[in-house]
Amino acid sequence: MSIQKRLDGRLLINGVLIAAQNPSTAVHNPATGEVVAMTGSAHPQEIEAAVAAARAAFQSWSGLPGKARAKCLHRLGDLIEADADAMAQLMTLEQGKPVNEARGEILKLAETCHFYAEEASRIHGETVPNDSTDFDSIIVREPIGVVGAITPWNYPAELVGWKLCGALAAGCTIIIKPAEITPFTALAIGEKCIEAGIPAGVVNVVTGPGAVVGQALVEHPGVDKIAFTGSSKVGLHIQKSATTVKRMALELGGNCPMIVTRSADLDAAVKGAVRRSYRNCGQICIAINRIYVDRQVYDEFLQKLAVGAEALTVANGLEFPAADLGAMASAEPLNKTQEHLADAVSKGARLLAGGARPNGAEFKNGHFFRPTVLADCTHEMLIMTEETFGPIVGVAPFETLQEAVQLANDTPYGLASYVYAKGADEIRFLSRLLDYGNVAVNTVDAGIINAPYGGRKQSGVGYEHGREGMLEYMNFKHIRVRFDMPSEGI
Ligand code: NAD
């Protein structure tokens, strides 16, 4: 039986993939419009059951030695890696990215399991000296409790995995609420958790509309922390709408700039720009949305970027696993891309590549768009000031490095930024002044699992990745002990 048939209309509650009471919404393949399977809108009773299961499992899961949790996470990583092909196909079916790219994401999820397995066995506290020698302050770390993890559709495996693995390593239990249009990858991960021997109730998956099912987790007094990735608008709403005090990590939207100086290796910069503007059809929170290029190399950069964009292949990602761009995940980001394009062109931007859907009957029913380059963009245009989440990038020239920084920082967002330069002084100047949680220099891979990743300003609070990504799921406890001198034997 195919995975999507097995997961059709299911929820994972207390270690069992149950049939949802209300499996009412169809999930569509964004490349063809065909129905993949049905997904449930979790009923309030089902949400209660998931929270109750997670609460009940917390005591024993958090009581296990870190090494025992590590074993489970290693097993989970092995199982996911072994089934990467099938899980990748499933992701492409519901999300649209080409299978090879989806497979890469699944393997990164497996790596995340192994990384946090190792962190689980290294949880430790510290002893802090006091003003007088008869006291010790012992700082221990304890898991927060039950986590509600709410995730978007652009990276249906990794964005679940960062939360799941960090939380489980710390000793928390979790209820995952995936995006409406990509529920099956999360359920498939849940199924792997059962196979890996993770006890019932530790991992639960409930599906359904964010405003109902996600909101119920936000408001539930039995949920101790919300780990959310999604838009800044919904993130702010979540922060305002919690009805009890609870910990929150909010990984939100971006509007990420790239600066190319006159000393940069232009070919490398173009290659980086092509990868980070169009990968996953630009549906990445750290996608390059806008590029500022030194006036001296502006025309040469534009010409090469247009050639690079036009060389990319757009195709159905299931039939052409190695395509550069598959279908966009839904009509919504495609419409926004077209809106930003029209706005920029109406305000004087020059269209150098793309700008339309690809021709051909095979694209008729899917959400496809060609990689698009716009030159001579200004901050009057939406493309330079709002996150597009589509395969489009705006480019503008700059005269001085100061101006480049000012333009790059002219945004309420602060997730990731990119610099291509050769001069050490330029690199230092730019990387210190860019007001972003991540600055990638001469590379466009801004995040690695070993180092903390998070935004600032309207891009959010909290960190994922790295040791910090596990500590986000832990509380400190200060145990202050006063000792007497031993009465005998000194
Ligand atoms: P979204 O905010 O619309 O939805 C995200 C999740 O929140 C979904 O599961 C949705 O069902 C749920 N949700 C919606 N309303 C809710 C509510 N009232 N209460 C609780 N949950 C609710 O975002 P999206 O369109 O799915 O994803 C795209 C956005 O995610 C982009 O802005 C992108 O930049 C951002 N993103 C950020 C990061 C990061 O690490 N900072 C990573 C990936 C995506």
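Our focus in this paragraph is the packing of helix H3 (residues 66-82) against helix H7 (residues 183-195). Where H3 meets H7, the axes come as close as 9 Å, and the angle between the chain directions of the two elements is 125°. On the basis of their axis angle, the class for H3 and H7 is oblique. Pair H3 / H7 crosses with right-handed handedness. Seen from H3, the contacting residues are Leu76, Leu79 and Ile80; seen from H7, they are Ile189, Lys192, Cys193 and Glu195. Taken together, the residues of the contact of H3 with H7 break down into 5 nonpolar, no polar and 2 charged.

On to empty space enclosed by the protein. Inspection of every chain in the model, using the stated rule, returns 3 cavities of 30 Å³ or more. Here the largest cavity is characterised by a volume of approximately 60 Å³. Residue lining of the largest cavity: Trp162, Lys163, Lys225, Ala227, Phe228, Ala249, Glu251, Tyr463, Glu464, Gly469, Glu472 and Tyr473, and that is the complete set. Of all the elements, strand S10 (residues 225-229) adds the most residues to the lining of the largest cavity, at 3 residues. Residues of the lining of the largest cavity, tallied by class, amount to 6 nonpolar, 1 polar and 5 charged.

Bringing the layout of surface pockets into the picture now. Rolled over the atoms, a probe as big as a water molecule pinpoints where empty space is left. Within this model, the largest pocket holds a volume of roughly 1100 Å³. For the lining of the largest pocket, the secondary structure elements donating two or more residues are helix H8 (210-219), S10, helix H9 (232-241) and helix H12 (331-346). Of the residues in the lining of the largest pocket, the class split is 16 nonpolar, 13 polar and 8 charged. Of the residues that make up the lining of the largest pocket, three or more belong to each of domain 1 (3-252 + 459-477) and domain 2 (256-441). In this structure, the second largest pocket occupies an estimated 520 Å³ of space. Around the second largest pocket sit 25 residues that line it, and Lys108, Tyr155, Glu158, Trp162 and Gly447 are the ones nearest its centre. Counting residues per element, the ones that place at least two in the lining of the second largest pocket are helix H5 (99-120), helix H6 (158-170) and helix H10 (266-278). For the lining of the second largest pocket, the element with the most residues is H5, which contributes 6 residues. Tallied by class, the residues present in the lining of the second largest pocket amount to 10 nonpolar, 5 polar and 10 charged.

Moving on to unusual backbone geometry. Even without a glycine there, the phi angle at Phe389 is positive, about 65°. The exposure class of Phe389 is buried, given its relative accessible area of 15%.

Attention shifts here to the sheet that holds strand S22 (residues 474-482). The strand order across the open sheet formed by 3 strands is S5-S6-S22, and the pairing between neighbours is antiparallel. In this open sheet, the two edge strands, each paired with only one partner strand, are strand S5 (126-129) and S22. Recorded for the sheet is a direction-independent mean angle of 25° between the axes of neighbouring strands. Relative to S22, strand S6 (residues 135-143) runs antiparallel, the two being bridged by 9 bridges. Each residue of the ladder has a partner; that of Asp136, found in S22, is Val481.

Attention now moves to helix H2 (residues 44-63). Its 20 residues give H2 an end-to-end C-alpha distance of 29 Å, which sits within 8% of 28 Å, the value for a rise of 1.5 Å per residue. Of all the bends in H2, the largest measures some 40° and sits at Ala57.

Looking at the ligand, there are 30 residues lining it, with Thr151, Lys177, Ser231, Leu252 and Glu387 nearest. Within the side chain of Gln215, an N or O atom sits 2.9 Å from a nitrogen atom of the ligand. Protein burial of the ligand: of its 860 Å² of free accessible surface, 90% is covered by the chains. Mapping the ligand onto the cavity grids shows that it belongs to the largest pocket. When residues of the shell around the ligand are traced back to their parent elements, those giving at least two are H8, S10 and H9.

The next subject is the sheet that holds strand S12 (residues 256-260). For sheets, the rule is that strands pair by backbone hydrogen bonds, running either parallel or antiparallel. Here 7 strands make up an open sheet; going across it, the order is S14-S15-S16-S13-S12-S18-S19 and the pairing mixed. Each edge of the open sheet is held by one strand with a lone partner, namely strand S14 (350-353) and strand S19 (438-441). Mean inter-strand twist for the sheet, computed between neighbouring axes without regard to direction, equals 25°.

Once that is clear, we can look at the state of the cysteines. If you walk through the whole model with that rule in mind, you get 0 disulfides. Of the cysteine sulfurs around Cys165, a residue in no disulfide, the closest is that of Cys113, at 3.7 Å. For Cys165, a relative accessible area of 0% gives the class buried.

For the rest of this paragraph, the subject is the domain arrangement of the protein. Along its sequence, the protein is organised into domain 1 (3-252 + 459-477) and domain 2 (256-441). Counting residues at the interface gives 22 residues for domain 1, matched by 29 residues for domain 2. Buried area between domain 1 and domain 2, summed over both chains or domains, comes out near 1900 Å², and the portion from carbon and sulfur atoms is 55%. At the surface where domain 1 touches domain 2, the tally comes to 0 salt bridges. The interface formed by domain 1 and domain 2 contains 10 residue pairs in polar contact (both at pLDDT 80 or more). Mapped by element, the contributors of at least two residues to the side of domain 1 that touches domain 2 are helix H4 (84-95) and H5. Counting residues per element, the side of domain 1 that touches domain 2 draws most heavily on H4, which supplies 4 residues. Across the side of domain 1 that touches domain 2, the residue classes tally to 9 nonpolar, 11 polar and 2 charged.

About the cut-offs
Residues numbered from 1 in each chain as written. Predicted model: local features only at pLDDT ≥ 70, side-chain atom pairs only at ≥ 80, totals over all residues. Heavy atoms only, no water. Axes fitted to C-alpha atoms, helices over the stretch in contact; angles between N-to-C directions. Helix = DSSP H or I, 4+ residues; strand = E, 2+ residues; numbered from the N terminus. Parallel < 35°, antiparallel > 145°, perpendicular 65-115°, else oblique. Left-handed = near helix turned anticlockwise from the far one by under 90°. Contact = heavy atoms within 4.5 Å. Nonpolar A, V, L, I, M, F, W, Y, C, P; charged D, E, K, R; others polar. 1 Å grid on protein atoms, 1.4 Å probe; cavity = no way out; pocket = protein on both sides within 12 Å on 5 of 7 lines; lining within 4 Å. Points joined across faces, edges and corners; volume = space filled by probe spheres on them. Domains from an automatic or database assignment. Buried < 20%, exposed > 50% of the residue type's maximum accessible area, 1.4 Å probe, protein only. Pairing = 2+ DSSP bridges. Expected span 1.5 Å × (residues − 1). Bend = angle between axes of the 7 residues up to and from the residue. Near = heavy atom within 4 Å. Polar contact = N/O pair within 3.5 Å; in protein donor to acceptor, adjacent residues only side chain to side chain. Areas by Shrake-Rupley, 256 points an atom, 1.4 Å probe, with all protein chains shown as cover. Sits in = over half its atoms within 2 Å of the grid points. Disulfide = S-S within 2.5 Å. Buried area = accessible area lost by both parts, 1.4 Å probe. Salt bridge = Lys/Arg side-chain N within 4 Å of Asp/Glu carboxyl O.

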